[in-house]
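# A closer look at the structure
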Amino acid sequence: MDPAVQDYIDAIAPEHRDAAVVLSYQMPTYKVGSRRLYVGTWKHGVSLYGWQQGRDAGFTDRHPDLRTSKGTIQLRPDDAAGIPDTELRDLVRAALAA
């Protein structure tokens, strides 16, 4: 992991950290208990992987135009620019909820 990213994460007070950030399969991975959310980059954007079906807080239903498959969403920069941070945050929270 990039040292600047790790420094940023380390500076977050423990009471405000809901997920651990680790590397898994050479990708940044958010981990809470047995739940995982993988973040992969590719030439034209990022992909989010790994949550169980139905644990996306309705995200894929609200964005049917995004390229998705079971437990995966591909986000191109133009797509991501039109999605509020709160929706992405809700997706992450739902994917990692116990």
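One structure accompanies this document, and this report is about it. (Residues numbered from 1 in each chain as written. Predicted model: local features only at pLDDT ≥ 70, side-chain atom pairs only at ≥ 80, totals over all residues. Heavy atoms only, no water.)

Between its first and last C-alpha, helix α4 (residues 85-96) extends 17 Å over 12 residues, near the 16 Å set by a 1.5 Å rise per residue. Along α4, the positions that sit buried rather than exposed are Glu-87, Leu-91, Ala-95 and Leu-96. All buried residues of α4 lie within an arc of 160° about the axis, which places them on one face of the element. Facing away from the buried side of α4, by more than 90 degrees, are the exposed residues Asp-85 and Arg-93. (Helix = DSSP H or I, 4+ residues; strand = E, 2+ residues; numbered from the N terminus. Expected span 1.5 Å × (residues − 1). Buried < 20%, exposed > 50% of the residue type's maximum accessible area, 1.4 Å probe, protein only. Arc of directions from axis to C-beta.)

Under the criterion given, the structure shown has one salt bridge. Here Arg-62 ties to Glu-87 by a salt bridge, and the two come within 3.0 Å at their closest N and O atoms. Taken together, the positions of Arg-62 in helix α2 (residues 59-62) and Glu-87 in helix α4 put the pair 25 residues apart, joining distant regions of the chain. On the basis of relative accessibility, which here comes to 16%, the residue Glu-87 falls in the buried class. (Salt bridge = Lys/Arg side-chain N within 4 Å of Asp/Glu carboxyl O.)

In this structure, Leu-37, Val-39, Leu-48, Trp-51, Phe-59, Leu-66, Ile-73, Leu-75, Ile-83, Leu-91, Ala-95 and Leu-96 together form the largest nonpolar core, which totals 12 residues. Counting residues per element, the ones that place at least two in this core are β3 (35-42), β6 (72-75) and α4. Residues contacting Ala-95, with those up to four places away along its chain left out, are Arg-35, Leu-37, Trp-51 and Arg-55. (Core = buried A, V, L, I, M, F, W, Y, C linked by side-chain atoms within 4.5 Å. Contact = heavy atoms within 4.5 Å.)

Shape is all these values report; function is a separate question.
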